[in-house]
Structures are given as C-alpha cells and as structure tokens.
Amino acid sequence: MRKIMLTILIAFAALVAILVAFFLVYGRAETWRLVAGDPDLGQFDRSAPARSEQPNDALFCTPGLCEGVPVDRELPEYAMPPGELIERIVAAMDEIAPVAERVDDGGDPAQARFVTYTEALRFPDTNSFEAVPLGDGRTGLVAYARAQLGKSDVGNNRKRLEAIVSRIDR
C-alpha cells in the first residue's frame, strides 16, 4: 500500500511539474488564452448595460450614462472633447499598466479598449472606455474593467481605473 501511495505521489508531482513547465515555456498569457479563450471581452454596452456576475469588475460613470446598473464611482463631466479625453486615458494607461495591449482598432476616437495583464501570472482583464459628448463642450466618461478569470480580482480593476481617472486632469 505504501508503494502505491508513493507512486501516486510521484506521478502527481511529475504532472504538476509538467504543467508548470508548459505554463512557463508556452507563455503565461498564451496559456490563459488557450484555457479561457480571447481575453478581449469587448466594449461595455451602454445600450444594454450589464456587469460581471462575479465581484471582479469595476464600473465608473458620469451620472446619467450608466442607467439601470450600479456604479462603483461617479465621475465628473470633463471640459474637453471626447477625443482628447480618450487620448489622456491612453497616455494614463501607458503610464500605469506595465503589461497592457490596446485591442480596439482605434477607429472611434471616443472609445478605447485594452487588455491588461497581472505582472506575475498574466491574468487578463478587459478595460473599456467611452467618452460621451454631453453638450456645451463637456464630456462624460464610462470606464469599465473586468477580469476574464476567477471570482475575485482583489480590487485590482478598481485600483487601475482609479489610477487612470486620477491622471486625466493632470
């Protein structure tokens, strides 16, 4: 019986070693893509607003832009056109997210979408931004970040959005 248990333990350790080696050699982000699919979860849809069913997302909105869904933080109206607001968000993302990839085509100057990855294990998060003209030269913002994997992101999506919006008016 002892020999069987030792054989099972060795086999389990070998399997774990093979999986860890695959994860490191194939690539952390690529492994998650293989396991969970495309990490780009798409743009937040204001016409049918819905949040993740898990507590691993964050939604910041200027009042009136995210009706029918709870927001984590209300954002102000910004005194700049939508394109400039998005440019500042892109610059902020470059500054605060060491591993980020812009995944939208850049065709709409009022929107931007990124996939960011945690540094150690490369867990992917989708971050979408939409600048909405409000009239009178003012612009509202919808910022939504959500994790692709897991039930909790330990507040990382909220922290990232906080860091980005804190840099907009600098």
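Residues numbered from 1 in each chain as written. Predicted model: local features only at pLDDT ≥ 70, side-chain atom pairs only at ≥ 80, totals over all residues. Heavy atoms only, no water.

Engineer: What's the story with helix α4 (residues 156-167) in this structure? I'm lost.
Structural biologist: Turn by turn, an α-helix covers 3.6 residues, leaving residues three or four places apart pointing in a common direction. Look at α4: 17 Å from first C-alpha to last across 12 residues, which is about the 16 Å you get at 1.5 Å a residue. Among the residues of α4, those classed as buried are N157, R160, L161, I164 and V165. Projected onto a plane normal to the axis of α4, the buried residues spread over an arc of 125° and lie on a single side. Contacts from the buried residues of α4 go to β1 (57-61), β2 (73-74), α3 (82-96), β4 (111-117), β5 (124-135) and β6 (138-147). (Helix = DSSP H or I, 4+ residues; strand = E, 2+ residues; numbered from the N terminus. Expected span 1.5 Å × (residues − 1). Buried < 20%, exposed > 50% of the residue type's maximum accessible area, 1.4 Å probe, protein only. Arc of directions from axis to C-beta. Contact = heavy atoms within 4.5 Å.)

Engineer: Hey, could you run me through the pattern of salt bridges in this one?
Structural biologist: Opposite charge on two side chains allows them to pair when their charged atoms are near. By the definition in use, this model includes 11 salt bridges. The shortest N-O distance in the salt bridge between R167 and E95 comes to 2.8 Å. Of the two residues, R167 is situated in helix α4 and E95 in helix α3; the sequence distance between them amounts to 72 residues. Judged by its relative accessible area of 23%, R167 falls in the partly exposed class. A salt bridge links R160 to D125; the shortest N-O distance between them is 2.8 Å. Highlighted residues: R160 in helix α4 and D125 in strand β5, separated in sequence by 35 residues. No difference in accessibility class separates R160 from D125, as the two residues are buried. Through salt bridges with shared partners, one network takes in R51, D57 and D72. (Salt bridge = Lys/Arg side-chain N within 4 Å of Asp/Glu carboxyl O.)

Engineer: Looking at this model, I keep getting lost on the pairing of β1. Mind explaining?
Structural biologist: A regular strand places its side chains on the two faces of the sheet in alternate fashion. Counting buried positions along β1 yields 5 of 5 residues, so the element is predominantly enclosed. A two-sided burial pattern is seen for β1, the buried positions comprising D57, L59 and C61 on one face and A58 and F60 on the other.

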